[in-house]
Amino acid sequence: MNWRISIGSILIAILTSTQAFPEPASQPQTATQGDSRPSVDLELVIAVDVSYSVEPDDLAAQREGYAKAIVSKEFLRAMRAGPIGKIALTYFEWSSTSDQKIIVPWRQIDGPGAAEAVATEISNAPIRRGSRTSISSAIKFAASLFEQKPYSGSRRIIDISGDGPNSNGDPVTSARDTALQQGIVITGLPVMTNATPADATDFQHIDHIDWYYEDCVIGGPGSFVVPITNRENFKEAIRTKLALEVAGRTPERSTAPSGDEKPRVLCTIGEKLWQQWWNTPATYSPAMSKPANSPSSKEDALLDKKIKGICRGC
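Everything quoted here is computed from the prediction, not taken from an experiment. (Residues numbered from 1 in each chain as written. Predicted model: local features only at pLDDT ≥ 70, side-chain atom pairs only at ≥ 80, totals over all residues. Heavy atoms only, no water.)

**Side note on the overall build of the chain**
Check the secondary structure of the chain and you find 10 helices and 7 strands. Residues classed as buried in the chain amount to 52% of the 314 residues present. Residue pairs at least 24 apart in sequence account for 80% of intrachain contacts in the chain once pairs closer than 6 positions are excluded. (Helix = DSSP H or I, 4+ residues; strand = E, 2+ residues; numbered from the N terminus. Buried < 20%, exposed > 50% of the residue type's maximum accessible area, 1.4 Å probe, protein only. Contact = heavy atoms within 4.5 Å.)

**Details of the pattern of salt bridges**
A complete count under the given rule lists 13 salt bridges for this structure. Between Glu-93 and Arg-63 there is a salt bridge, and its shortest N-O distance comes to 2.7 Å. Here Glu-93 is found in strand β3 (residues 87-94), whereas its partner Arg-63 is found in helix α2 (residues 56-70), with 30 residues between them in sequence. By relative accessible area, Glu-93 is classed as buried at 2%. Given a relative accessible area of 5%, Arg-63 falls into the buried group. Residues Glu-93 and Arg-128 are paired through a salt bridge, measuring 3.9 Å at the closest nitrogen-oxygen approach. Taken together, the positions of Glu-93 in strand β3 and Arg-128 in the loop between α4 (112-124) and α5 (135-146) put the pair 35 residues apart, joining distant regions of the chain. (Salt bridge = Lys/Arg side-chain N within 4 Å of Asp/Glu carboxyl O.)

**Re the pairing of β3**
Of all 8 residues that make up β3, 8 are buried, and the element is covered over most of its length. In β3, alternate side chains face the same way, and those of Ile-87, Leu-89, Tyr-91 and Glu-93 on one face and Ala-88, Thr-90, Phe-92 and Trp-94 on the other are all buried. Across 8 bridges, strand β2 (residues 39-49) lies against β3 in parallel orientation. What sits directly across from Leu-42, in β3, is Ile-87. (Pairing = 2+ DSSP bridges.)

**As for the packing of aromatic side chains**
This structure, assessed with the given rule, holds 4 aromatic pairs. For the ring pair Phe-92 and Phe-141, a centre distance of 4.8 Å and an interplane angle of 65° mean the geometry is edge-to-face. Of the two residues, Phe-92 is situated in strand β3 and Phe-141 in helix α5; the sequence distance between them amounts to 49 residues. Relative to Phe-146, the ring of Trp-106 has its centre 6.0 Å away and its plane inclined at 50°; by these criteria the two rings are tilted. Remark: Phe-146 occurs in helix α5 and Trp-106 occurs in strand β4 (residues 100-109); sequence separation between them is 40 residues. For the pair Trp-106 and Phe-146, one class covers both residues: buried. Sitting over the face of the ring of Phe-146, Arg-156 holds its NZ or CZ atom 5.3 Å from the ring centroid. We note Lys-241 situated over the ring of Phe-224; from NZ or CZ to the ring centre the distance is 5.9 Å. (Phe/Tyr/Trp six-rings, centres within 6.5 Å; stacked < 30°, edge-to-face > 60°. Lys NZ or Arg CZ within 6 Å of the ring centre and 35° of its normal.)

**Here we look at empty space enclosed by the protein**
The gaps left among the atoms become clear once a water-sized probe is rolled over them. Counted according to the given criterion, the structure contains 1 cavity of 30 Å³ or more. Surrounding the largest cavity, Val-48, Val-50, Leu-59, Gln-62, Arg-63, Tyr-91, Glu-93 and Ile-127 form its lining. At the level of elements, α2 and β3 are the ones that each hand at least two residues to the lining of the largest cavity. If you tally residues by element for the lining of the largest cavity, the top one is α2, at 3 residues. When grouped by side-chain class, the residues that make up the lining of the largest cavity number 5 nonpolar, 1 polar and 2 charged. (1 Å grid on protein atoms, 1.4 Å probe; cavity = no way out; pocket = protein on both sides within 12 Å on 5 of 7 lines; lining within 4 Å. Points joined across faces, edges and corners; volume = space filled by probe spheres on them. Nonpolar A, V, L, I, M, F, W, Y, C, P; charged D, E, K, R; others polar.)

**Side note on the packing of helix α6 (residues 172-181) against helix α7 (residues 209-217)**
Across the interface, α6 lies against α7 with an axial gap of 9 Å and an inter-helix angle of 50°. Taken as axis vectors, α6 and α7 run oblique relative to one another. Between α6, through Val-172, Thr-173 and Arg-176, and α7, the contact on the second element is made entirely by Tyr-212, Asp-215, Cys-216 and Val-217. By residue class, the composition of the contact of α6 with α7 is 4 nonpolar, 1 polar and 2 charged. (Axes fitted to C-alpha atoms, helices over the stretch in contact; angles between N-to-C directions. Parallel < 35°, antiparallel > 145°, perpendicular 65-115°, else oblique.)

Structural data, given as C-alpha cells:
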C-alpha cells in the first residue's frame, strides 16, 4: 500500500511534540545468532537526484536539507525511540545509468556526535550535476549497497528524490519490483518546485511527478511520498520525511491509488518523451514492455500533446 503526505502545521506539530517519539525504556541490543555485525533499527539509503533538470538552488537546498535533518531533534528523538536506538545510513547522488556517486559511505548514527559527523560529510562534498535520469539504476545501485552488509537492521529503506521520470536504463517498475521482492521499502521525495518549466527545452517535464512517484517508484509496507512544492519547505519536508522513516511511522492515507489500480501516469512516460524529442521511430523498445510496431492510438495521441501525464490508466 502506497501513502502520501503533504507538509502541514498539524504534522509538524506532531513531530516537534515532546510526546511524538517517547523515550524508550532501556532494552538489550540483540543480534541474530552468529551475526557479528553491529545491530541497528534501520538501514537507510538516501539517493539524491543531481541531474541537470534539478535547478542549482534546489540541489543546494536538498544537500542542506538532508544535513540539517540528520542533526534535528525530531530525527534524533525518532532514532532514540527504537529498540536499539541506532540506525545505519549511506548517502549517494545519481543521474544516468552509469552515474552514482557515494557521498557518505555506511555510517552508524547513535547520537548527536555521529549525526554531526555525517551532516558535515554531506555539507562538505562539492555540489555536482549529471546528465539523464535513471531512477531504475539508482534503485538497483541502492539495493546493492544493502548487500555490503556492514550492519544488521530489521528494516531497510531507500529514500529517493527526483524531479523527473525515468528516461534511461531499465523500466523503473522492474527495478522497483525487484527491490520490493528483497524486502526493501522505497519512499519518495518528488521535487515539484518547477511546476511550470522555465526552459522550453525541458521536454521531460510532466505535471504530476508526485503521481508518478506514487504509482511507479515507491513501494513496500508503509511507503509514502513527501512532495516538495516550493523551496521554502525543502528543509521542513526532508526533516519530516526522515523522522517518519526512522520512527517507522506511516502518515495518514490520502488519495493515492491502491496497488490494484492502474497508474495515473504512464510509468514509461520518460522513455516516451525522450523518444519523441529525438524523433525516433514510433516503436517500443524492450524498456516499454510493449511489442515493436504496436503502439496504441491513445498513447500516440498523448505523445502528440507532449504527454503531460495526467490521465489515469493511459
